[in-house]
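Here are the chains, one letter per residue:
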Amino acid sequence: MPKTKKKPNKKAVSRAQRPKSRHASPAPKAKKKAVKRSAPQAKARPARATTILPPRPKRPARRVAPPPLRTPRVPELEDESLEGALVKPSPAREVKARPALDATAWQKLEQAAKRQQHAALDPNQRAAIAAAVSERDSLVMLTEDARAVACYELCAPLLDQPTVVLSPLLAELEARHEALAAAQKPVTRVTSELSGPERSAALARIARGGSLLVLLCPESLADAGVQKALKKAGIALFVVDEAHCASDFSHEIRPAYAKLAVTIRALGRPPIMALTRPVTSQVLRDIEARLDLLDPVVVRAPAVRENLRIVTRLSRGEGRQASLVRSIEQLEAPGLVFCAAPHDVDSVYAALRGSGIAAHRYHSGMTPAERATELLNFTLPGSRGVMVALSAFAPGSGLLGLAETAKSNALGFGRGACKRDLRFVVHYQSPASIEQYLREIALAGADGDAATCVLFHESSHHSLHEVMLTQQRFRAAHLAELARALEAAALEGRTLTLEALALATGQSRRTTDRLTALFADAGLVSRTGGWVRVLTAATDLIEASKNLGAKLYALREGDAKRLAALASFAETENCKAGFLSRYLESSSVDWRARCDRCSACSSELSTAAPLPPRAPARRAVVQEFNVRPLPQDAAGALRVAETPFTAKLADFRRS
């Protein structure tokens, strides 16, 4: 039996080099050879004793904080204790006490006002700025928009933290942002129109803090991202512009302003500067209570400046336009004429141009290019023209009342920068309220020189404004219909388009747009790109619409009282300035006293007041005229006579 060759002993393979499973294929030979060539063979080491280690203790599981509970949105809160329970205020940031302004600081402020093309600071502005620097609340009533804007624009660089300015006027916020950004001032703006990278950049800038002017609209202030950025940066001063919108007794109401006190407490309760225009003492007291002002510094400028002369003229019929033209011919230009409707603007504009007066016009029926051209030509330095326009404070052209869109004021004239050298303001029709009248005559004589304010009043203007206010102030039934149309969407959690809501309510798209704007201002719905989404429960939506309907009814009643007060002002034979002081309850001045600067007290103004309308000239009767007879030829056809003859009217009279 042949001997079998013994197989050579294979090198022991360590456990780590063995394949993990029997099905796994070993490494390829080429790879093994490469390993053998590259790495020298190590000597065999004696086996080590295996040590059994205790098991490693398990790492405790990471704790994840539960998400914060969100406070449910409540449309109307009537109990103050409930408000405090729902919104937990953040602790106030510690701010170093700022020293009072000395003479050098006031001199620098005057220089800054001059650089920013503001007028010289008056005592009322100085009092408002001093209160803000000393961290005190203030309630400031000024007549001019430009002076109110200067209060917070000049105060913001003096503070170490952002100054927040809340205003319902989107067009005005955009104009201020563009002007300050062009002057390289630290300013940012967050409105409902911003989205995407622009909004993110604005929030990041707010969070960095510092001396910054933050321009916000009420809808943006309610946003969680905006509130988070403001809490991180801190607020040195909270400015509430158009603060009379928070009062139920005012002629302009914004539902979002009713919840400002709760929001400001949640932001750390910074000092508040409430800016308003001429309003009654009742509205001022209501503003102080609604905004929860703590021992505020009350600054109240005179409603009518000393350099203004007030003239009222009772006019009837078509002679009012002739009286207007002759009055403007007697007054010094430049000036401003306010009308109630676009067709009145065109009619007065044509009459002035026909009389050889350089006139301009501005109303909503014009294209944006036409309005910009007319405005530029009127505001040029040295221009002596007359602007005929709709008012930005009137209900039909941008008054920020209940259910008014915030950007409609761009179609009216009077807000923002205006000529400071206006020598007269004429009202072709009576305005809708004394508050509106005071804001419009404040545009005259802003440079401090003498100016004249002429009011043409007619009893029919009362009915005209009643019709216009009826179109602007919605009824409670309109709100109820919209709430019922949104109720199904609230239950199902879906969004609707404005067109679908218009079909469901039976209203036009424009009316539906304004109604949803009112609901959005109250925090009941959100509007994005023509889509409407309900933010509250269905029951809260119905209840909130009832509350808004009650406010609407009270506003309509107040409109009737304000119209009656304006008619009494125009028809009274007593002092006009005293009547205005009594209406506003601004002082204890005897309303029967003489001021010598109104048509009821000054003989110079009263003699020029009547101006009876000039009778239209009748065209004389034509006594002689040319006649071309049309004789017939032989064929019976008519032919024109070659030579006409002159006839007299007496030849055609019967004997």
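This text goes with the structure placed above it.
Read on for a plain summary of the structure. (Residues numbered from 1 in each chain as written. Predicted model: local features only at pLDDT ≥ 70, side-chain atom pairs only at ≥ 80, totals over all residues. Heavy atoms only, no water.)

For the rest of this paragraph, the subject is the overall build of the protein. Along the backbone of the protein there are 22 helices and 18 strands. Within the protein, buried positions represent 47% of all 655 residues. Contacts in the protein between residues far apart in sequence, at least 24 positions, make up 73% of those at least 6 positions apart. Accessible surface, the protein: about 36,600 Å² in total, of which carbon and sulfur atoms supply 54%. (Helix = DSSP H or I, 4+ residues; strand = E, 2+ residues; numbered from the N terminus. Buried < 20%, exposed > 50% of the residue type's maximum accessible area, 1.4 Å probe, protein only. Contact = heavy atoms within 4.5 Å. Areas by Shrake-Rupley, 256 points an atom, 1.4 Å probe, with all protein chains shown as cover.)

Turning our attention to the packing of aromatic side chains. Following the criterion strictly, the structure yields four aromatic pairs and no others. Each ring, one from tyrosine 362 and one from phenylalanine 413, has its centre 5.9 Å from the other, and the planes form 65°; the classification is edge-to-face. Highlighted residues: tyrosine 362 in strand S10 (residues 359–362) and phenylalanine 413 in the loop between strand S11 (386–390) and strand S12 (424–427), separated in sequence by 51 residues. Here the two residues tyrosine 362 and phenylalanine 413 agree in accessibility, since each one is buried. Centre to centre, the rings of tyrosine 437 and phenylalanine 569 are 5.4 Å apart; their planes meet at 50°, and the pair counts as tilted. One end of the pair, tyrosine 437, is in helix H15 (residues 434–441); the other, phenylalanine 569, is in helix H20 (residues 538–571), with 132 residues separating them in the sequence. Residue class for phenylalanine 569 comes out buried when judged on its relative accessible area of 0%. Through successive ring pairs, a cluster of aromatic residues spans Tyr362, Phe378 and Phe413. Over the face of the ring belonging to tryptophan 106 we find arginine 126, whose NZ or CZ atom lies 4.9 Å from the ring centre. Just above the ring of phenylalanine 569 sits the side chain of lysine 576; from NZ or CZ to the centre is 5.6 Å. (Phe/Tyr/Trp six-rings, centres within 6.5 Å; stacked < 30°, edge-to-face > 60°. Lys NZ or Arg CZ within 6 Å of the ring centre and 35° of its normal.)

Let us look at the environment of arginine 475. Note on placement: arginine 475 falls in the loop between helix H16 (460–472) and helix H17 (476–492). A residue is classified by how much of its surface remains accessible, and arginine 475, at 47% relative accessible area, is partly exposed. Along the chain, arginine 475 and leucine 548 lie 73 residues apart, while their C-alpha atoms are 9.9 Å from each other.

Quick look at the sheet that holds strand S16 (residues 531–534) now. Sheet architecture is open: three strands sit in the order S14-S16-S15, paired in antiparallel fashion. Each end of this open sheet is capped by a strand with a single partner; those strands are strand S14 (496–497) and strand S15 (525–528). Note that S15 and S16 share four bridges and pair antiparallel. Residue serine 526 lies in a different strand from S16, and its bridge partner there is arginine 533. (Pairing = 2+ DSSP bridges.)

For the rest of this paragraph, the subject is helix H14 (residues 368–379). The terminal C-alpha atoms of H14, which comprises twelve residues, lie 16 Å apart, in line with the 16 Å expected from a rise of 1.5 Å per residue. Here H14 has its buried residues at Arg371, Glu374 and Phe378. One face of H14 carries all of its buried residues, which in axial projection span an arc of 70°. Exposed positions of H14 whose direction lies more than 90 degrees from the buried face are Pro368, Ala369 and Leu376. Residues of H14 that are buried make contact with strand S9 (335–339), helix H13 (342–354), S10 and S11. (Expected span 1.5 Å × (residues − 1). Arc of directions from axis to C-beta.)

Here the focus is the pairing of S16. Residues of S16 alternate between two faces, with Val532 and Val534 buried on one and Trp531 and Arg533 left unburied on the opposite face. Once S15 ends, the chain turns through two residues before running back antiparallel as S16, passing glycine 529 with a positive phi of about 60°.

For the pair H17 and H20, interaxial distance at closest approach is 9 Å and the crossing angle is 165°. As far as their axial angle goes, H20 and H17 are roughly antiparallel. In the packing of H17 onto H20, the handedness of the crossing is right-handed. Along the contact surface, H17 presents Ala476, Leu479, Ala483, Arg484, Leu486, Glu487, Ala490 and Leu491, while H20 presents Ala538, Leu541, Ile542, Ser545, Leu548, Gly549 and Leu552. (Axes fitted to C-alpha atoms, helices over the stretch in contact; angles between N-to-C directions. Parallel < 35°, antiparallel > 145°, perpendicular 65-115°, else oblique. Left-handed = near helix turned anticlockwise from the far one by under 90°.)

We now examine the pairing of strand S5 (residues 237–240). Going residue by residue along S5, you find Leu237 and Val239 tucked away on one face and Phe238 and Val240 tucked away on the opposite face as well. As judged from the four bridges shared by strand S2 (residues 163–166) and S5, these two strands associate in the parallel manner. From the neighbouring strand, leucine 166 faces S5, where its bridge partner is valine 240. Pairing of S5 with strand S6 (residues 272–276) involves three bridges; the strand directions are parallel. The residue of S6 that forms the bridge with valine 240 is alanine 274. Each parallel crossover has a hand, and the one from S5 via helix H10 (residues 260–266) to S6 is right-handed. (Right-handed = clockwise from strand over helix to strand, strands pointing away.)

Before going further, it helps to examine the side chain of lysine 576. Assignment of secondary structure puts lysine 576 in helix H21 (residues 576–584). Buried lysine 576, no salt bridge; nearest opposite-charge side chain is glutamate 573, N-O distance 8.9 Å. With near-sequence residues (within four places) excluded, lysine 576 lies in contact with Ile310, Thr312, Phe569, Ala570, Glu571, Cys598, Ser599 and Ala600. (Lys, Arg positive; Asp, Glu negative; His and termini not counted. Salt bridge = Lys/Arg side-chain N within 4 Å of Asp/Glu carboxyl O.)

Turning our attention to the packing of H16 against H20. Relative to each other, H16 and H20 sit at 160°, their axes nearing to 11 Å. Relative to H20, the element H16 lies roughly antiparallel. Between H16 and H20 lies a crossing whose hand is right-handed. Of H20, the residues touching H16 (which contributes His462, His465, Glu466, Leu469 and Thr470) are Arg556, Asp559, Leu563 and Ala564. Of the residues assigned to the contact of H16 with H20, the class counts are three nonpolar, three polar and three charged. (Nonpolar A, V, L, I, M, F, W, Y, C, P; charged D, E, K, R; others polar.)

Another point: the nonpolar core. One broad rule of soluble globular proteins: the nonpolar side chains tend to lie buried together. In this structure, Leu154, Leu213 and Met273 are the most contacted members of the largest nonpolar core, which totals 35 residues. Elements represented by at least two residues in this core include exactly helix H3 (103–115), helix H4 (123–133), helix H5 (145–155), helix H6 (170–182), strand S4 (213–216), S5 and S6. Top contributing element to this core by residue count: H5, with seven residues. With residues up to four places along the chain from it excluded, the contact list for leucine 154 reads Leu109, Ala112, Ala113, Gln116, Leu121 and Ile129. (Core = buried A, V, L, I, M, F, W, Y, C linked by side-chain atoms within 4.5 Å.)

The values reported here are purely geometric and, on their own, carry no functional implication.
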